[in-house]
Amino acid sequence: QVQLVESGGGLVQAGESLRLSCAASGSRWSIQLMGWYRQAPGKQRELVATITLGGDTDYAPSVKGRFTISRDNAKNTVYLQMNNLKPEDTAVYYCNVEISFRPYWGQGTQVTVSS
């Protein structure tokens, strides 16, 4: 059974940085796609960033240039380095992985950015 454990959320001031981590366990197969989504109060969940097994990345326009996604395939872990955080980045951030074309979700970690 695939499990995702997220860490790294918290409360910061605008302009500061946070690093999120998500470790996947329980899979016998390679993780093709790893990513981060977020959901702010009253809004739909939205894509933040994704990274393929080969290292290709994709970002939402609102975070491009400020956030960096990376992965350690040996540890089945994905990271999200968030710099120059803004109050509008406040949301619950969810880790997502795709294994054999099936998605799995983490429990979410709260990121709050005060102005």
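The coordinates are above.
Draft legend 1. Just the environment of V78, in detail. Along the polypeptide, V78 turns up in strand β8 (residues 77-82). Exposure remark for V78: the relative accessible area of 0% places this residue in the buried category. Residues V78 and T57, spaced 21 residues apart in sequence, show a C-alpha to C-alpha distance of 12 Å. Those residues in contact with V78 that lie beyond four places of it in its chain are L20, S21, C22, M34, W36, I51, I69, S70, R71 and C95.

Draft legend 2. Structural view of the state of the cysteines. A full pass over the atoms with the stated rule returns one disulfide. Through a disulfide, C22 is tied to C95; the S-S separation comes to 2.1 Å. Sign of the S-S torsion, about -80° for the bond between C22 and C95, identifies this disulfide as left-handed. Of this pair, C22 sits in strand β3 (residues 18-25) while C95 is found in strand β9 (residues 91-99), placing the two residues 73 residues apart along the sequence. With a relative accessible area of 1%, C22 lands in the buried category. Owing to a relative accessible area of 0%, C95 belongs among the buried residues under this scheme.

Draft legend 3. Spotlight on the nonpolar core. Counting 31 residues, the largest nonpolar core has W36, L80, M82 and Y93 as the members making the most contacts within it. Contributions of two or more residues to this core are made by β3, β4 (33-39), β5 (46-52), β7 (67-72), β8, β9 and β11 (109-114). The biggest single contributor to this core is β9, with five residues. Ignoring sequence-local partners within four residues, the contact set of Y93 consists of E6, L20, W36, Y37, R38, V48, F67, L80, M82, G108, T109 and V111.

About the cut-offs
- Residues numbered from 1 in each chain as written.
- Predicted model: local features only at pLDDT ≥ 70, side-chain atom pairs only at ≥ 80, totals over all residues.
- Heavy atoms only, no water.
- Helix = DSSP H or I, 4+ residues; strand = E, 2+ residues; numbered from the N terminus.
- Buried < 20%, exposed > 50% of the residue type's maximum accessible area, 1.4 Å probe, protein only.
- Contact = heavy atoms within 4.5 Å.
- Disulfide = S-S within 2.5 Å.
- Core = buried A, V, L, I, M, F, W, Y, C linked by side-chain atoms within 4.5 Å.

Function-wise, these values are silent; they only describe arrangement.
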